[in-house]
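# Report on the structure
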Amino acid sequence: MQIQTKQDVRDMARGAAFLGVGGGGDPYVGQLMLQQEVLKGKFPKVIKAHELADDARVLCVCGIGSPPVLVEHLLSSTMLGKLVDQMQAYLGYEIDALISAEIGGLNSVMTLGVAAQRNLPLIDADGMGRAFPQLEMVTFSVYGCPASPVMIVDELGNMAMVHAQNDATAEKMSRAISSSLGAMVYSALYTMSGKQAKECTVHDTISLSYDIGRCIRESREQLDNPFQGLLGLLHKPEENRHCKILFDGKIVDLVHEIRDAWHFGTITMEANDGSNDVMVVEMQNEYLAARLNGKTVIIVPDLICILDAETAEPITGERLKYGQRVKVIGLSAAEIMRRPECLKVFGPAAFGYKEPFRPIEILNQ
């Protein structure tokens, strides 16, 4: 895949918003940064993990904070470049490639911008195949690649370094720093080898994000129903990938709360078909569970995406509004995300749910 035009950037951002499942930060902010690099003739180079040497040095760059706050902050490409330079100086070696912590929302598009700016390849992979609210909720952490050291910077250049005994503690410390700096900071963390990047990541997610964004645009242009094209791309049972429209309705109630630098919310929707069906979606930065008339139809780590009912444009949590007509799409998480060791870190119990994880294809038989 190549990202060389403004249209390519917009497609990438749209796909990132879809995989961001409501959170991950508004990709529009990252879109502007990436677009500026592309207009300068600096195009991000996306490579497959298997192209890396086993001893290659890989660095993860991501934002930490509350998605709604992002629109009140400036995204400084200068500070992001400084963050990479300072981390290299601290580590004592130069980085061979970058990787996104999460493919959804701001983080994937922003990392593409940093890769273009620093002339570093970006691996076509990430740590979750979606977005999650906590720093340790990545396959990197599950499979023994530590987050620390974590270097943190805000848009004004305030910097901090975190060394923690485990990744959950690194999350707590980084979250506290984020809260003290306006609930939005950027970090360099999860240094890893090329071998680790091959073994402990969710593969081909940058290209999937781009394909989703392009598919939505082209389906709007060529089909009466853009959801037809989207389902055609994503529903591949033969590849153990399942996608389904779970609800078509109108938002009738919204509850938002910013707490501990997280965006908590509950979205209530009523069906458009006169059936009196009600769907409730719960979120913590990202959409975590959806229940139809009280029955769970999808739950984390499977993906819940809320899209405009007419255009199929993904809607982030902070942009939801009373009265919006939407469709809720469910998408199965990558197979690696459903492994028992991964579910211990970012399955339902990690968010306080008592019910076990059950795949979307089982819940909707």
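Everything that follows concerns the structure shown earlier in this document.
Model, not experiment: these values are computed from the prediction. (Residues numbered from 1 in each chain as written. Predicted model: local features only at pLDDT ≥ 70, side-chain atom pairs only at ≥ 80, totals over all residues. Heavy atoms only, no water.)

The interhelical angle for the contact between helix H1 (residues 6–19) and helix H2 (residues 27–39), taken along N-to-C directions, is 155°, at an axis separation of 9 Å. The orientation of H1 relative to H2 falls into the category roughly antiparallel. Every pair of crossing elements has a handedness; the one defined by H1 and H2 is right-handed. Where H1 abuts H2, its residues Lys-6, Val-9, Arg-10, Ala-13, Ala-16 and Ala-17 lie against Pro-27, Gln-31, Leu-34, Gln-35, Val-38 and Leu-39. Among the residues forming the contact of H1 with H2, the class breakdown is eight nonpolar, two polar and two charged. (Axes fitted to C-alpha atoms, helices over the stretch in contact; angles between N-to-C directions. Helix = DSSP H or I, 4+ residues; strand = E, 2+ residues; numbered from the N terminus. Parallel < 35°, antiparallel > 145°, perpendicular 65-115°, else oblique. Left-handed = near helix turned anticlockwise from the far one by under 90°. Contact = heavy atoms within 4.5 Å. Nonpolar A, V, L, I, M, F, W, Y, C, P; charged D, E, K, R; others polar.)

Another aspect to go through is the sheet that holds strand E10 (residues 243–259). Within the open sheet, the seven strands sit side by side as E14-E13-E12-E11-E10-E16-E15. Their pairing is antiparallel. Both edges of this open sheet fall to strand E14 (295–299) and strand E15 (303–308), since each of them pairs with a single strand only. Within this sheet the neighbouring strands show an average axis-to-axis angle of 35°, counted without direction. Here helix H10 (residues 226–234) sits on the sheet in contact with E10, E15 and strand E16 (325–331), set at roughly 95° to E10. (Pairing = 2+ DSSP bridges.)

Turning to the packing of helix H4 (residues 77–91) against helix H5 (residues 106–118), a few remarks are in order. H5 packs onto H4 with a crossing angle of 70° between their chain directions and a minimal axis gap of 10 Å. In terms of orientation, H4 and H5 fall into the roughly perpendicular class. Packed against H4, whose contacting residues are Ser-77, Thr-78, Leu-80, Gly-81, Val-84 and Asp-85, the element H5 presents Met-110, Val-114, Gln-117 and Arg-118 at the interface. Of the residues in the contact of H4 with H5, the class split is four nonpolar, four polar and two charged.

The subject of this paragraph is the layout of surface pockets. Computed from the structure, the largest pocket encloses a volume of approximately 370 Å³. Val-202, Arg-241, Ala-333, Ala-334 and Glu-335 are, among the 19 residues lining the largest pocket, the residues nearest its centre. For the lining of the largest pocket, the secondary structure elements donating two or more residues are strand E9 (202–203) and helix H9 (205–222). The residue makeup of the lining of the largest pocket, split by class, is ten nonpolar, five polar and four charged. By volume, the second largest pocket is sized at about 250 Å³. Elements supplying a minimum of two residues to the lining of the second largest pocket: H1 and H2. (1 Å grid on protein atoms, 1.4 Å probe; cavity = no way out; pocket = protein on both sides within 12 Å on 5 of 7 lines; lining within 4 Å. Points joined across faces, edges and corners; volume = space filled by probe spheres on them.)

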